[in-house]
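# Summary of structural features
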Amino acid sequence: MPTVREVLEAGIRALDRGETGRALAIFDKVLAFDPAQPDAIRFRHAARQRLIGDLAADPSALAEASDAELCALLDDPGLDPRTLANSLLERVAPRWPKSVRDTGALSDPLLHAVLRATAWHSLPLEGPMTALRRDLLDLDDGVLLAEPVLGLAAALATQMFRQEFVCLETKAERDRLAALQAELEAGNGDPVASALRVALYRPLSSLALSEDVAEALLRQGEPALSALFATILGEPWAERALMADIPALTPVLDATSIAVAEMYDENPFPRWPRMGPVTPLSMGAWVGDLRAQGYLLDRDGAGPVPHVLVAGAGTGQHPLLMARSFPETRFLGIDIAKRSLALATHRARLYSADNLCLAEADILALNGADASLVPEDFRPCLRDVPMIQSFGVLHHLADPLAGWRALTDLMAEDGVMLIALYTERGRRNIVPVQDYLAALRPAAGDGDPDRVRRARKALLALPDDHRAAGARQFADFFVASHFRDLFLHVQEHVFSLERIGASLAELGLVFLGAEPEPPVADLFRAENPAPEAWRDLAAWDRFEARHPDAFLRCFSFWCGRPR
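Residues numbered from 1 in each chain as written. Predicted model: local features only at pLDDT ≥ 70, side-chain atom pairs only at ≥ 80, totals over all residues. Heavy atoms only, no water.

With that out of the way, let us pick up unusual backbone geometry. Note: most residues except glycine have negative phi, and most peptide bonds are trans. For the bond running from Glu147 to Pro148, omega is 10°, close enough to zero to count as cis. With respect to the element layout, Pro148 can be found in the loop between α11 (141–144) and α12 (149–163). Cis peptide bonds are those with omega within 30 degrees of zero, and the linkage from Phe269 to Pro270 qualifies with -15°. Tracing the backbone shows Pro270 in the loop between α17 (255–266) and α18 (283–292). Non-glycine residue Asp384 carries a positive phi angle of around 50°. Summarising the element assignment, Asp384 is placed in the loop between β3 (356–360) and β4 (385–391). (Helix = DSSP H or I, 4+ residues; strand = E, 2+ residues; numbered from the N terminus.)

Here it is as structure tokens:
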């Protein structure tokens, strides 16, 4: 008779082979025998996250999955639901309530779960959502705060919070909203009904609520309201409280850096809801695997990687993923936007990532950073660093090469850098949108919270064949911070791969291999089977010329000093 460990290992092998359903059945069997078995709990969680990806990629399997199974996946706080939620839009769209009297649709659990999970990426659903929102605005308090209306209203408010309130509004809605906000801040009327209505349109955490009103909202006993206010009030307030604890290692003096910091303080990017399970790895094994695949081939003499500097931590998604993946390595994440760092710090604490330290610092001033402000075991992340990672940051500096040079000065002699930059080909459909919106931009008002809504309204009014109409096809079109980062950024440079090569030469660095998404990597290897092609920047340039959508987000690559 096999032991528990042998059964567990059979499940792990099944998961490695991509047999997600079989693996889950095996882990369930182990947990039925020993509910506290830690590896079975961990691998079952990983299998459930894999199941989300499997369902999102297979329409037939998604169609066969029950509503109850899908709700369980979407509502699991330890899973990342984003791909699954957006894959379910076609399934839930026909269920959208025709009015507030459509009680069957109002009560649909799957519709509620999809609304709560993540921002929707659907223009056809935007109209019905905003129409229902208008109906809820003037509904009687008794009807609004009773099922079935309450459940959907709370789920819709969560969705609007996830989208950061990008949907269009009428003047009548804005006037009614102003009266509701004044009523709520004055403590008049029913605070729960007023707060629920305001939450459909604005971040409730930005209001000047009295302590009594705030406590009344956060102590709601009704589950839908309790979950809503914990998300839209509790989380932002917890993040705000952390801002004073974030150390400032350098001043932010550069004018462009100040403008970029203000932008991301107004709209932290990306605002991500949850992170899925992560399997802890060995940094040494990961670097060894990179070498085996053709990356960093000429870095065989490089030493261990106990410390990593992440230059551009943002809201913490990437540094937290790295810290959870490599628990024996210390990560220092820096950024110039304190509100983004507060969100990142809140998430890091939720996931108990003690090996991640977050601090405010400007890349351009890092050589003078006050290392004494971070715990001692993180200070080596600021001098002779064996690995530096910088994603989507250098191209937002006034002088990207100056920032890159500052990072190079911090890197150890045998260190490596992972850099990500926008490419000219990858941004070819985005620049026309940026140019169109720049022509509409008033001389002032970059921080105007209504600016994104006005920009979206202008883009929605364009004919389909307009050069800027393609903006509506991007997922970023549906979340305010993503929209602003993509189309309304205060500073952006794009690079040809030839220019990247020239920059590397000017900095005394060499190209050590690209790190694209797996489908792009597979296509490149199929077209360039020679192992040395992976470290040939000209080969990647020719590849991008053939496949101009290969690096729509960024071109990510490793570099280091020649040996």
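On we go.
What follows deals with helix α13 (residues 171–186). Residues separated by three or four positions in an α-helix point in the same direction, a consequence of the helix having 3.6 residues per turn. Over its 16 residues, α13 runs 23 Å from end to end, which matches the ideal 22 Å to within 8%, given 1.5 Å per residue. What α13 keeps buried is the set Glu173, Leu177, Leu180 and Leu184. All buried residues of α13 fall inside an arc of 65° around its axis, so they share one side. Turned more than 90 degrees off the buried face of α13, the exposed positions are Lys171, Ala172 and Ala186. Taken together, the buried residues of α13 touch α10 (123–137), α14 (191–199) and α15 (211–218). Note on α13: the residue one or two positions beyond its end, Gly187, has a positive phi of about 80°. (Expected span 1.5 Å × (residues − 1). Buried < 20%, exposed > 50% of the residue type's maximum accessible area, 1.4 Å probe, protein only. Arc of directions from axis to C-beta. Contact = heavy atoms within 4.5 Å.)

Opposite charge on two side chains permits pairing when their charged atoms draw close. Inspection of the entire model under this criterion finds 34 salt bridges. The partner of Arg453 in a salt bridge is Glu169, with the nearest N and O atoms 3.7 Å apart. Note that Arg453 is positioned in helix α23 (residues 451–460) and Glu169 in the loop between α12 and α13, a separation of 284 residues in sequence. As far as the burial class goes, Arg453 and Glu169 line up, both buried. Arg472 is the partner of Asp464 in a salt bridge, and the nearest nitrogen-oxygen pair spans 2.6 Å. (Salt bridge = Lys/Arg side-chain N within 4 Å of Asp/Glu carboxyl O.)

We now examine the pairing of strand β5 (residues 411–421). The buried fraction of β5 is high, at nine of 11 residues. The pairing of β4 with β5 spans six bridges and is classified as parallel. Its bridge partner being in β5, Met387 is matched across the sheet by Val416. Crossover connection from β4 via helix α21 (residues 400–410) to parallel β5: handedness right-handed. Pairing between β5 and strand β7 (residues 555–560): six bridges, direction antiparallel. Of the residues in β7, the one forming a bridge with Leu418 is Trp558. (Pairing = 2+ DSSP bridges. Right-handed = clockwise from strand over helix to strand, strands pointing away.)

Here Thr329 shows up in the loop between α19 (317–325) and β2 (330–335). Given a relative accessible area of 3%, Thr329 falls into the buried group. Among all residues touching Thr329, those that are not within four sequence positions of it are Met283, Val305, Pro306, His307, Val308 and Asn355.

Judged by nonpolar contacts, the single largest core of 83 residues is most densely connected at Leu332, Leu366, Trp404, Trp540, Phe555, Phe557 and Trp558. Ranked by residue count, the leading element in this core is β5, at six residues. When residues no more than four places from it in sequence are discounted, the contact partners of Leu366 are Thr250, Leu309, Ile334, Ala361, Leu382, Arg383, Leu407 and Leu410. In this structure, Phe27, Trp120, Leu125 and Met129 belong to the second largest nonpolar core, which totals 77 residues. (Core = buried A, V, L, I, M, F, W, Y, C linked by side-chain atoms within 4.5 Å.)

Bringing helix α5 (residues 67–75) into the picture now. Every buried residue of α5 is listed here: Leu70, Cys71, Leu73 and Leu74. Buried residues of α5 fall within an arc of 165° about the axis and therefore sit on the same side. Looking at the buried positions of α5, the neighbouring elements they touch are α3 (38–57), α4 (59–64), α6 (82–87), α7 (89–92) and α9 (109–117).

What follows concerns the packing of aromatic side chains. Taken as a whole and assessed by the stated rule, the structure comprises 22 aromatic pairs. Taking the centre distance of 5.3 Å and the plane angle of 75° together, the rings of Phe524 and Phe543 count as edge-to-face. Of this pair, Phe524 sits in helix α26 (residues 518–527) while Phe543 sits in helix α27 (residues 537–546); the two residues are 19 residues apart in sequence, bridging distant segments of the chain. The exposure class assigned to Phe543 is buried, which follows from its relative accessible area of 1%. Plain terms: the ring middles of Trp534 and Trp540 are 5.0 Å apart, the flat faces sit at 80° to each other, and that makes the pair edge-to-face. Assessed through its relative accessible area of 2%, Trp534 is described here as buried. Given a relative accessible area of 0%, Trp540 falls into the buried group. A network of ring pairs unites the aromatic residues Tyr295, Trp404, Phe511, Phe524, Trp534, Trp540, Phe543, Phe551, Phe555 and Phe557 as a single cluster. A cation over an aromatic ring shows up here: Arg133 above the ring of Tyr201, its NZ or CZ 4.0 Å from the ring centre. Between Arg499 and the ring centre of Phe495, over which it is positioned, the NZ or CZ distance is 4.0 Å. (Phe/Tyr/Trp six-rings, centres within 6.5 Å; stacked < 30°, edge-to-face > 60°. Lys NZ or Arg CZ within 6 Å of the ring centre and 35° of its normal.)

Okay, the sheet that holds β2 next. Reading across from one edge, β3-β2-β1-β4-β5-β7-β6 is the order of the seven strands in this open sheet, with mixed pairing throughout. Where the open sheet ends on each side, the last strands, each with one partner, are β3 and β6 (510–514). Along the sheet, successive strands turn relative to each other by an average axial angle of 20°, direction set aside. The sheet contacts of α21 involve β1 (307–311), β4, β5 and β7, and relative to β5 the element is tilted by about 150°. (Axes fitted to C-alpha atoms, helices over the stretch in contact; angles between N-to-C directions.)

The full count for this structure, using the stated rule, is zero disulfides. Of the cysteine sulfurs around Cys357, a residue in no disulfide, the closest is that of Cys381, at 8.1 Å. Overall, the relative accessible area of 10% leaves Cys357 in the buried class. Residue Cys559 stays outside any disulfide, its sulfur separated by 14 Å from that of Cys554, the closest cysteine. (Disulfide = S-S within 2.5 Å.)

Bringing the environment of Glu498 into the picture now. Along the chain, Glu498 falls in helix α25 (residues 497–507). In this structure Glu498 comes out as exposed when scored by relative accessible area, which is 64%. Sequence separation between Glu498 and Trp540 is 42 residues; the distance between their C-alpha atoms is 10.0 Å.

Another point: the side chain of His346. By secondary structure assignment, the location of His346 is in helix α20 (residues 338–350). For His346, a relative accessible area of 13% puts it in the buried group. Residues within four places of His346 in sequence aside, it is in contact with Glu235, Ala238, Glu239 and Leu242.

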